[in-house]
Amino acid sequence: MSNRPTPDPGPNRLERLARAVTAAASTPNLQINGIVTEVAPAYCRVSGLSPFVKLGECLELMTGAAGGDLAEVIRVDERGVTVKPFDTTMRAGLGTVARRRGALTLSPHASWKGRIVNALGAPIDGGEPLVQGARSVPGDREPPPAMRRQRVKTPLKTGVRVVDFFTPLCAGQRIGIFAGSGIGKSTLLAMLARSRGFDTAVIALVGERGREVRDFLEDALKDARANSVTIVATGDESPMMRRLAPKTAMCVAEYFRDRGENVLLIVDSVTRYAHAARDVALASGEPPVSRGYTPSVFSELPRFLERAGPGEEGAGSITGVFSVLVDGDDHNDPVADSIRGTLDGHIVLDRAIADQGRFPAVNMLTSVSRLARASCTPEQWSVVMKIRAMISRYEDTRDLRLIGGYRQGSDPDLDKAIHLVPRVYDVMRQSPDDPASVDAFQEVAKAFAAE
């Protein structure tokens, strides 16, 4: 009996044909299409494209609508690919042809200032078509390398007194505004957007009510619109559009940062972005792990947030302000908890303070800027810490004082807090119609000096 190995017959004809087709897929003149084989309310399945597409690429579903329906590949397996359309209406049916479109890219241009666009970068303000820049960039760019990034150390004046005093910012810092619904989050964001310390503002309104968009743009922004680019994805748009809008805004901000500009990026809100990312992940078959959120949400959030911040040496910076809608006023919500650890500080809006009529309703004790000491002098930092201590003492003894359990003169430090803290609260009040703060420390000192 022979021990000679059996010769390898090699690939059969079908395997050779499959390899040839796969190799030819990269040929520019060859178009490979797929066919829709399953339709569900949230997604559809396409067969025939599994070897040729990757996650994040787009297909065009030839539904008969003008230009077809754009959809993104969210899952790939041997039996086919799962795609989720960007439109809210599922118009694809069984047998609909699906064409490859490649990954989405954006080509920002300096003339986009003053314009309003959707998540796909198309104008929605009724103006002229947008001028396309010379360079196309993907929506999921990598952040600048850590060792080539600039240091964050240039102080900024936002004009919002309570922010400049208790949570001062630096150019390139990333800070979150944590608040429940109806506490003044959007109003505070609008006040920050009008700050004079930035060359350009890029604003992403994600999941907002449709009626509030014009109110924000025409009333809150006012004259700042000329130097702003606004990306809008309202709450009635698909999860794909709401998931894409913050990435589009980040691409635009990165374009102006690379031009050497100091950019303010506002995303309202990151929570709705996380909700949209969760919807997409669930449609792809990913299992939920924490309050319905999938693991990819918690890996996608820091990847997105890390793109903001200082650029490489010689470039500008992106100062990121990200609003976080705290579900049910629970500040230990998984999304809020994940974002808090990634950012360089957090401003907490308190419903109890808003109920007292003090706006912005910033909780001065729980709000923190991790770069505060880099943006003020040691003397100013000492004053901030002393006032924080007085506010803490004042709030801790509120119930005791309300029931008449404290006698004046028993504690000199508490007597001082009772005398001065209400003045601090009064000087920190600021409405959108009030003039911007010039020097918060001087204004607090003037309030203390007044008798």
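All figures in this text were calculated on a predicted structure; none of them were measured in a lab. Every chain is numbered independently, its residues counted from 1 as its sequence is written. This being a predicted model, a pLDDT of at least 70 is required before a residue's local features are given, and a value of 80 or more before pairs of side-chain atoms are given or counted; all residues contribute to the totals for chains, interfaces and linings. Computation of side-chain values: all heavy atoms of the structure, hydrogens and water removed.

(A) Up close: the packing of aromatic side chains. What counts as a ring pair is set by centres within 6.5 Å for rings of Phe, Tyr and Trp (its six-membered ring), and what kind of pair is set by the plane angle: stacked under 30 degrees, edge-to-face over 60, tilted for all other angles. With the rule as written, the count across this model stands at seven aromatic pairs. Measuring from centroid to centroid gives 5.2 Å for Y273 and F304, while their planes differ by 45°, and the two rings are tilted. Here Y273 is found in helix α6 (residues 270-283), whereas its partner F304 is found in helix α7 (residues 295-305), with 31 residues between them in sequence. To sit over a ring, a charge needs its Lys NZ or Arg CZ within 6 Å of the ring centre and within 35 degrees of the ring normal. Note that R340 overlies the ring of F178, its terminal NZ or CZ placed 5.1 Å from the centroid. Residue placement shows R401 over the ring face of Y394; its charged tip is 4.2 Å from the ring centre. Helix and strand assignments follow DSSP, with helices taken as H or I runs no shorter than four residues and strands as E runs no shorter than two, numbered in order from the N terminus.

(B) Focus on the environment of A190. Inspection of the secondary structure assignment puts A190 in helix α3 (residues 185-193). In sequence terms A190 and G345 are 155 residues apart; their C-alpha atoms lie 19 Å from each other. With residues near it in sequence (within four places) discarded, A190 still touches F216 and A220. The contact rule is simple, with two residues in contact once any of their heavy atoms fall within 4.5 Å.

(C) Region of interest: the pairing of strand β17 (residues 317-325). Burial within β17 is extensive, with nine of its nine residues counted as buried. Only protein chains enter the accessibility calculation, which uses a 1.4 Å probe; a residue whose area is less than 20% of its type maximum is buried, one above 50% is exposed, and one in between is partly exposed. Burial along β17 is two-sided: S317, T319, V321, S323 and L325 and I318, G320, F322 and V324, pointing in opposite directions, are all buried. Here, a strand pair is defined by DSSP locating no fewer than two bridges between the strands. With six bridges connecting them, strand β12 (residues 174-179) and β17 associate as parallel partners. Its bridge partner lying in β17, G176 is registered against F322. Relative to β17, strand β15 (residues 262-268) is paired through six bridges, and the arrangement is parallel. Each residue of the ladder has a partner; that of L264, found in β17, is T319. Examined bridge by bridge, strand β16 (residues 309-310) and β17 share two bridges and lie antiparallel to one another. Residue pairing for β17: G309 is matched across the bridge by I318.

(D) Structural context of the packing of α7 against helix α8 (residues 334-342). Contact pair α7 / α8: the axes reach a minimum separation of 10 Å and the direction vectors enclose 35°. The chirality of how α7 crosses α8 is right-handed. Where α7 abuts α8, its residues F298, L301, P302 and L305 lie against P334, V335, S338, I339 and T342. Looking at the contact of α7 with α8 residue by residue, the classes come out as seven nonpolar, two polar and no charged. Lines are fitted to the C-alpha atoms to define the axes, a helix being fitted only along its stretch in contact, and any angle between axes, read from their N-to-C directions, falls within 0 to 180 degrees. Whether a crossing is left-handed or right-handed is set by the direction in which the near helix is turned from the far one by less than a right angle, anticlockwise for left-handed and clockwise for right-handed. Residue type decides the class: Asp, Glu, Lys and Arg count as charged, Ala, Val, Leu, Ile, Met, Phe, Trp, Tyr, Cys and Pro as nonpolar, and the leftover types, Gly among them, as polar.

(E) Here's a closer look at helix α13 (residues 440-449). Where α13 is concerned, the buried positions are A440, F441, V444 and A447. Around the axis of α13, the buried residues are gathered within 125° of arc, so they sit on the same side. For α13, the exposed residues lying more than 90 degrees away from the buried face are Q442, K446 and A449. Taken together, the buried residues of α13 touch α2 (161-166), α10 (378-396) and α12 (412-428). In the analysis that follows, any N or O atom pair within 3.5 Å is treated as a polar contact, provided that within protein one partner can donate a hydrogen and the other can accept it, and provided that, for residues neighboring in sequence, both atoms belong to side chains. Where α13 starts, the residue carrying a side-chain oxygen 3.1 Å from the main-chain nitrogen of F441 turns out to be D439. Note that the arc is computed from the directions linking the helix axis to the C-beta atoms.

(F) Region of interest: the side chain of D77. Tracing the chain through its elements places D77 in strand β4 (residues 69-77). At 3.0 Å, the side chain of D77 forms a polar contact with the backbone nitrogen of R79. What D77 contacts, discounting residues up to four positions off in sequence, is R45 and S50.

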